[in-house]
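# Coordinate inspection notes
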Amino acid sequence: MHQAKKKFGQNFLKDHNLLKKIVSSAKIEGLDVIEVGPGMGALTQFLVLNARTVTAYEIDTSLKPILAKFENNHPNLKIIYGDFLDMEIPNGTFHLVANIPYYITSSIIFKFIELPQMKSATIMIQKEVADRINAKPNSKQYNALSIILQYYCRVKKVMDVPRHMFTPKPNVDSVVIRLEKYDTRPLNNEQELYFIELIKHAFKQKRKTLINNLYEAYGIDKEVLITYLKTFGLDEKIRAEAIDVQTFIEMAKKPINK
C-alpha cells in the first residue's frame, strides 16, 4: 500500500462518482489531455476512457509499480516521471485535468497560462485559491491573481470538494474550477507585459492607495498620477481592489509615462 508523501502534497481521492464528474466537466472526449500528479491513478483511470491521449507527469517514482498497470492496459496513456514544472510540453493542443498539489498550485496555473498549447484546465485546487481566482472587485479575495486569470481565461466554478473525501484528509476544503483560455485577447504582447507589471505594482501593498503604490514603483509625481487616473474615471483615493479587469486593460493600452 502506497503511503502518501507530505513533501509531494499527496492527498488521494477515491470517490468514483466525484472523479467521473470531474472528467465529465473537463469536456475532453477525443482530445489530448495532460494530467499532473496522477498519484495512484484514481483520476487517470477515467481520463483514459474519454480522452484520445493522456500524458501524465508524476514526480514520485515510487508510484511506478502502481501506474505501470494502467500504462500497460491503456495504449493511449503515457506516464512521464519528473517535475511537470521543469518539463518541455510537446507541440499540439492539450487540456489540463488534475488534482493539483496545493504547494505548487500557482506555479502550475501560471505555466498553463504561459503555454499556448494548453487550451483549458479543469483542476482541483485549494478553496481559498479558487475563491481568489473567481473574486470580483471590492471583495477581500480580489487580488492580482484574480485579474490576471480573468484576463486570460473564462473562469467557472465546477464543484466543492470537502476535505473528508481525501486520504489523508487535508486541513482545507477544495474546489474544482474550469479555466478556458480566450481565443483572442485585447492587448498585444508588449501591452500584456505592462498589464501584468502594472497589476503587480498596484497590489504590492493592498492597504495603500493605487497612487501610493504606483508612486513607489515608478517615482512619478503624484499630481501626474492623479491626472492619469482621472482619464479612466478613477478617484485619487482608490485602491487596486476596487478596479475591475476592464479598467486595468484600458490602463495597459495607455501606459503611464514612466
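For the structure, check the block above.
Described in the following lines is the structure provided in the data block. Quick caveat, the model's predicted, so the values are computed rather than measured.

With that settled, the discussion passes to the nonpolar core. Core analysis: the biggest nonpolar cluster contains 62 residues, and Leu96, Ile123 and Phe248 have the highest contact counts within it. Per-element accounting of this core gives the leading share, seven residues, to helix 6 (residues 144–152). Non-local contacts of Leu96, meaning those with residues more than four positions away in its chain, are made with Ile34, Val36, Ile108, Phe112, Met118, Ser120, Ala121, Thr122 and Ile123. Formed by 25 residues, the second largest nonpolar core is a distinct cluster that contains Ile28, Val48, Ala51 and Leu77.

Looking now at the packing of helix 6 against helix 10 (residues 245–253). At a minimum axis distance of 10 Å, the contact between helix 6 and helix 10 shows a crossing angle of 80 degrees. Comparing the axis directions of helix 6 and helix 10 gives the class roughly perpendicular. Residues Ile147, Gln150 and Tyr151 of helix 6 form the contact with helix 10, whose own contacting residues are Val245, Phe248 and Ile249. Of the residues in the contact of helix 6 with helix 10, the class split is five nonpolar, one polar and no charged.

Together, Asp221, Glu223, Asp235 and Glu236 make up a negatively charged patch on the protein surface. Structurally, Glu236 can be placed in the loop between helix 9 (222–230) and helix 10.

With the rule as written, the count across this model stands at ten salt bridges. Linked through salt bridges whose partners overlap, the residues forming this network are Arg154, Arg178 and Glu180.

About the thresholds
Going along each chain's sequence as written, the residues are numbered from 1 onward. In keeping with the model being predicted, local features are shown solely for residues with a pLDDT of at least 70 and side-chain atom pairs are shown and tallied solely at 80 or more, while totals for entire chains, interfaces and linings include all residues. Side-chain measures here rest on the full set of heavy atoms in the structure, leaving out hydrogens and waters. What is meant by a nonpolar core is a set of buried Ala, Val, Leu, Ile, Met, Phe, Trp, Tyr and Cys residues, joined one to another through side-chain atoms within 4.5 Å. The buried label goes to any residue with under 20% of its type's maximum accessible area, the exposed label to any with over 50%, and the partly exposed label to all in between, with areas taken from a 1.4 Å probe on protein chains only. The helix count covers DSSP runs of H or I at least four residues long, the strand count covers runs of E at least two residues long, and both are numbered beginning at the N terminus. We call two residues contacting when some pair of their heavy atoms lies within 4.5 Å. Here, axes are lines fitted to C-alpha atoms. For helices the fit covers the stretch in contact, and angles between N-to-C directions go from 0 to 180 degrees. Roughly parallel refers to an angle under 35 degrees, roughly antiparallel to one over 145, roughly perpendicular to one between 65 and 115, and oblique to any angle outside these ranges. Classification convention: Asp, Glu, Lys, Arg as charged; Ala, Val, Leu, Ile, Met, Phe, Trp, Tyr, Cys, Pro as nonpolar; all other residues, Gly among them, as polar. Two distance rules govern patches: like charges are joined within 9 Å, and nonpolar side chains (Val, Leu, Ile, Met, Phe, Trp, Tyr) within 5 Å, applied only to residues with over 30% relative accessible area and no salt bridge. We get accessible surface area from the Shrake-Rupley algorithm with a probe of 1.4 Å; when it comes to residues, only the shown protein chains can shield them. When a carboxyl oxygen of Asp or Glu is within 4 Å of a side-chain nitrogen of Lys or Arg, the pair counts as a salt bridge. Working convention for charge: Lys and Arg count positive, Asp and Glu count negative, and His plus the chain ends are omitted. Lysine's charge is taken at NZ, arginine's at CZ, aspartate's at CG and glutamate's at CD.

Worth remembering: the numbers are spatial, not functional.
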